[in-house]
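These are the residues of each chain, in order.
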Amino acid sequence: MRSRTVLTLAISTLIVATTTAFGTAKGTMLYTGQDKPITTTFTHAFLIKGPDVVDQKKMLRRVLLTTADIGAKLKACETMACVDDAFAQGLQVDWDAGPRLNYWLTLNDQLVQFSGTLEPRMFVSKEDSPKRIAGKLTFDGTPASGPKVDVEFDAPLVKEIVKVR
């Protein structure tokens, strides 16, 4: 009986540790492209640290906001190109790439894409450290045919990557 209790406790701890290993997101993104409007409801947030594709000596922090749990795919990645491949739908935001925040949205399995930049003040930080970015990101890019985003997230570091490709 005691061994069954210990086993149940161990499995419960493992499940809780696994489900909380990645971050959370609550909020939406509305994008109106050439077709009908697409609304995305974010539930997951991930932080990856790796080299910038343009300047590989510059390390950036990338937050990925998604509807799907891609944490296992991200943990398996050895390159930033792999991170991009694992990311089929949602919003990526790069910190440390320059004076502005760079973002890239991708929808419908990467068939719809849009990128832009934001003033850092669009992000209200609860924490902004090398191992965690948490807070609220709100912006309206619709005047430039971009997305309207309102999301609160907590993204702990999933992995540090050293290679672009």
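Note that residues are indexed from 1 along each chain, following the sequence as it is written. Local features are withheld for residues below a pLDDT of 70 in this predicted model, meaning they are given only at 70 or higher, and side-chain atom pairs are given and counted only at 80 or more; totals for whole chains, interfaces and linings count all residues. Hydrogens and water molecules were not included; the side-chain quantities draw on all heavy atoms of the structure.

Student: Looking at this structure, how should I read the side chain of Thr-40?
Tutor: Strands are runs of DSSP state E lasting at least 2 residues, helices are runs of H or I lasting at least 4, and numbering of each runs from the N terminus. Within the secondary structure, Thr-40 sits in strand S2 (residues 38-51). Not counting chain neighbours up to four residues away, the residues in contact with Thr-40 comprise Gly-27, Thr-28, Met-29, Thr-67, Gln-89 and Leu-107. The contact definition used throughout considers only heavy atoms, calling two residues in contact when any of these lie within 4.5 Å.

Student: How do you make sense of the packing of aromatic side chains when you look at a structure like this?
Tutor: Each Phe, Tyr or Trp ring (for Trp, its six-membered ring) is paired with any other whose centre lies within 6.5 Å, and the angle between the two planes then decides the class: stacked below 30 degrees, edge-to-face above 60, tilted in between. In this structure the tally under the stated criterion is eight aromatic pairs. Taken together, a centroid distance of 6.0 Å and an interplanar angle of 45° make the contact between Tyr-31 and Phe-114 tilted. With Tyr-31 in strand S1 (residues 23-31) and Phe-114 in strand S6 (residues 112-118), this pair connects stretches of sequence that are 83 residues apart. Phe-114 matches Tyr-31 in its accessibility class, with the two residues each being buried. When the centroid spacing of 5.1 Å and the interplanar angle of 85° are considered together, the rings of Trp-95 and Phe-123 count as edge-to-face. With Trp-95 in strand S4 (residues 90-95) and Phe-123 in strand S7 (residues 123-129), the pair connects residues that are 28 residues apart, well separated along the chain. Accessibility classification places Trp-95 together with Phe-123 in one group, the buried group. Each residue in the set Tyr-31, Tyr-103, Phe-114 and Phe-139 is aromatic and connected to the rest through ring pairs, giving one cluster. The classification of residues rests on relative accessible area computed with a 1.4 Å probe and restricted to protein chains. Under 20% of the type maximum is buried, over 50% is exposed, and intermediate values are partly exposed.

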